[in-house]
Amino acid sequence: MQYRWTVFFVFRFMRPQEIIAKKRDHHSLSSEEIGVFIDGVTNGEWADYQITALVMAMFINGLDQAEQDELTRAMIYSGKTLDLSDVGRPVVDKHSTGGVGDKTSLIIAPAAAACGLAVPMISGRGLGHTGGTLDKLESIPGFSVGLSTARFKELLIKNGYAMAGQTGEIAPADKKLYALRDATATVPYIPLIVASIMSKKLAEDLDALVLDVKTGTGAFMQKYEDSVKLAAALVRTGEAFGVKTQAVVSDMNQPLGKFVGNSLEVYECIKILRGEIEPGMEPTLELSIELIAEMLQLGGVADSADKAKVLVRQVLDSGAALAKFRENVEAQEGDPRVCDDPEMLVDRSLLRLPVKAASPGYISAVDAFALGRAICDIGGGRVKAEDNVDHAVGYASAVKIGDEVRAGEAIGVVYCRTETQFESISEKLRNAYKISEVSPETTKLIRATV
Ligand code: URA
């Protein structure tokens, strides 16, 4: 807060055009200039065209390390920061850069809490081809993600985790900036991404943070080298701000696990928590275990990856993680019967129509972006932030890269409301799968740890 007031009083009258011109002319901005910019974004004094002009200048002419750190700092303090110092357990969160069928948060939060961590999950909504944890949670009847800060903390202390949406109070500058970056093609620049992601996470008063940086056709960083660079930049920033940070680069060249679509993804997570894993769900479990194990080590609950994984298996096998999940569903006003009967989440009135392989051979590549986008197009996600979501519709993958298929065999099943919906996306889905005559090399799910 003190930081903001200094910026406000000393540099209140620095004009936007002077700061924009400085970056336009390739100079580094001072911490005060960055502070004035973020203050102007937060309090509405900078017009959208001034904000986007400066962001574009940053995108084109670059930000150095000091500027990136100052931008992150200014964005953290653009709103409130949580005080979780009295939670009584190591406070460790996980953040994913987003993918298709990426549902691990619903397993990670209860399992990590059952192992002794406090997990303050502040999540987002889906946009475009990627889903969002809040939309998934809202497919549980009654579940409320709108928690006040006080209630959020109360649940964290009582249950070990809470799942909420980002209020306007945490890093409000990012909300505004991200919307403008999205509309002006300035999202894919690592320093801006780092400031955006880390400002939200560092405002949570964490002891440690594990990042799941996706790479591949369904990730917003498609090239492996770029994903590793992003992971390294995120880790460096976390550490620079005093939070133990680790990143896992995980494969997103095909949907994660079996299902894509909000209710269906919650179904998959509850089946895994119940120990009733279905074919195709294994990668969801594997990645969840890997990420929880990193969290337990950073949080000081386990001193090796092997011990951490044993602990995770114990809370999954004993039902302790499922019990935590149930506690949270009850506390956040959801219907806990979904824990006993996950079939409740699968809408029986939906049509289930198969997508058939066009030719025989091996699945050699999947355009996960196209697949996520197709499910979004039938209502499973949002094209624009204000769109409504149909929580029930979705897709079940029947094959993975490397699988052999016959012509006409089902490679996936669409859960949709009408045949017209199916027809509008079936071709796109079929084309999302590349089938080759030779068996392809497959990549590991966990590509790197940074
Ligand atoms: N996710 C974010 O929260 N911010 C970005 O800039 C990119 C992805």
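Residues numbered from 1 in each chain as written. Predicted model: local features only at pLDDT ≥ 70, side-chain atom pairs only at ≥ 80, totals over all residues. Heavy atoms only, no water.

K.L.:
Explain the overall build of the chain to me, please; I cannot follow it from the model alone.
P.N.:
The number of helices and strands found in the chain is 18 helices and 13 strands. A globule of 450 residues ought to have a C-alpha radius of gyration of about 22 Å, and the chain, at 22 Å, matches this closely. In terms of overall dimensions, the chain has C-alpha extents of about 70 × 45 × 40 Å along its principal axes. In the chain, 78% of the contacts between residues at least 6 apart in sequence involve partners at least 24 apart. For the chain, the accessible area works out to roughly 18,100 Å², and carbon and sulfur atoms hold 52% of it. (Helix = DSSP H or I, 4+ residues; strand = E, 2+ residues; numbered from the N terminus. Rg over C-alpha atoms; globule rule 2.2 N^0.38 Å. Contact = heavy atoms within 4.5 Å. Areas by Shrake-Rupley, 256 points an atom, 1.4 Å probe, with all protein chains shown as cover.)

K.L.:
Even after reading the chapter, I still don't get helix H2 (residues 16-24), so can you show me in this structure?
P.N.:
An α-helical segment advances 3.6 residues per turn. Residues three or four places apart therefore align on the same side. Where H2 is concerned, the buried positions are Pro-16, Ile-19, Ile-20 and Lys-23. Down the axis of H2, the buried side of the element spans an arc of 100°, and every buried residue falls inside it. Packing partners of the buried residues in H2 comprise helix H3 (31-43), helix H4 (48-61) and helix H5 (65-76). Where H2 terminates, the next one or two residues include His-26, which has phi positive at roughly 70°. (Buried < 20%, exposed > 50% of the residue type's maximum accessible area, 1.4 Å probe, protein only. Arc of directions from axis to C-beta.)

K.L.:
Even after reading the chapter, I still don't get the sheet that holds strand E4 (residues 208-215), so can you show me in this structure?
P.N.:
Two orientations exist for strands paired in a sheet by backbone hydrogen bonds: parallel and antiparallel. As summarised here, the arrangement of the 4 strands in space is E1-E4-E5-E13, forming an open sheet in which the pairing is mixed. Here the strands that pair on one side only, and so sit at the sheet edges, are strand E1 (92-96) and strand E13 (446-449). Neighbour to neighbour, the strand axes of the sheet diverge by 20° on average, direction disregarded. Inspection of the sheet shows E4 paired to strand E5 (residues 244-251) by 8 bridges, in the parallel sense. Bridge pairing links Val-210 to Gln-246 in E5. Along the sheet face, helix H13 (residues 282-298) touches E1, E4, E5 and E13 and points at about 150° away from the line of E4. (Pairing = 2+ DSSP bridges. Axes fitted to C-alpha atoms, helices over the stretch in contact; angles between N-to-C directions.)

K.L.:
Looking at this structure, I do not really get the site of the ligand. What am I missing?
P.N.:
Near the ligand you find Tyr-178, Arg-181, Ile-193, Ser-196, Ile-197, Lys-200 and Phe-220, and these make up its full shell. Take Arg-181: an N or O atom from its side chain is 2.9 Å from an oxygen atom of the ligand. Note that a nitrogen atom of the ligand is positioned 2.6 Å from one of the side-chain N or O atoms of Ser-196. A total of 240 Å² of accessible area belongs to the ligand in isolation, and the protein chains cover 88% of it. Contributions of two or more residues to the shell around the ligand are made by helix H9 (172-183) and helix H10 (190-202). Looking at the shell around the ligand element by element, the count peaks at 4 residues for H10. (Near = heavy atom within 4 Å. Polar contact = N/O pair within 3.5 Å; in protein donor to acceptor, adjacent residues only side chain to side chain.)

K.L.:
What is the right way to look at the packing of aromatic side chains in this model?
P.N.:
One pair of aromatic rings is described through two measures. These are the centre distance and the angle between the planes. Applying the stated rule across the entire model yields 4 aromatic pairs. Taking 5.7 Å as the distance between ring centres and 80° as the angle between the ring planes, the aromatic pair formed by Phe-259 and Tyr-267 counts as edge-to-face. Note on accessibility: Phe-259 and Tyr-267 belong to one class, buried. Cluster of aromatic residues (ring-pair linked, three or more members): Phe-259, Tyr-267 and Tyr-415. (Phe/Tyr/Trp six-rings, centres within 6.5 Å; stacked < 30°, edge-to-face > 60°.)

K.L.:
Where do I start with helix H15 (residues 320-331) in this structure?
P.N.:
In this model H15 runs 16 Å from its N-terminal to its C-terminal C-alpha over 12 residues, within 8% of the 16 Å that 1.5 Å per residue would give. Within H15 the residues assigned to the buried category are Ala-321, Leu-322, Lys-324, Phe-325, Asn-328, Val-329 and Ala-331. Buried residues along H15 sit in contact with helix H6 (105-114), helix H8 (149-159), strand E3 (161-165), helix H12 (262-273), helix H14 (305-317) and helix H16 (337-340). Positive phi shows up at Glu-333, right after H15, with a value of about 65°. (Expected span 1.5 Å × (residues − 1).)

K.L.:
It is not clear to me how the sheet that holds strand E12 (residues 433-436) should be interpreted in this structure. Could you clarify?
P.N.:
Taking strand neighbours across the sheet as the criterion, the 3 strands line up as E10-E8-E12 in an open arrangement whose pairing is antiparallel. A strand with exactly one partner marks an edge of an open sheet, and here the two such strands are strand E10 (404-405) and E12. Bridge count for strand E8 (residues 361-366) against E12 is 4 bridges, and the pairing is antiparallel. What sits directly across from Tyr-362, in E12, is Ser-436.

K.L.:
Sorry, what's going on with the side chain of Thr-133 here?
P.N.:
Among the secondary structure elements, Thr-133 is positioned in helix H7 (residues 133-137). A relative accessible area of 12% means that Thr-133 is categorised as buried. Contacts of Thr-133, omitting those with residues within four sequence positions, involve Ser-105, Leu-106, Ser-123, Gly-124 and Met-163.

K.L.:
What should I look at first to understand the pattern of salt bridges in this one?
P.N.:
A side chain of one charge can pair with a side chain of the opposite charge when the charged atoms of the two come close. For the coordinates displayed, the defined rule picks out 34 salt bridges. For Asp-93, the salt bridge goes to Lys-201, with nearest N and O atoms at 2.7 Å. With Asp-93 in strand E1 and Lys-201 in helix H10, the pair connects residues that are 108 residues apart, well separated along the chain. Judged by its relative accessible area of 0%, Asp-93 is buried. Salt-bridge contacts for Arg-373 lead to Asp-377; the nearest nitrogen and oxygen are separated by 3.7 Å. Of this pair, Arg-373 and Asp-377 are both found in helix H17 (residues 368-380), 4 residues apart, which corresponds to roughly one turn of the helix. Overall, the relative accessible area of 29% leaves Arg-373 in the partly exposed class. (Salt bridge = Lys/Arg side-chain N within 4 Å of Asp/Glu carboxyl O.)

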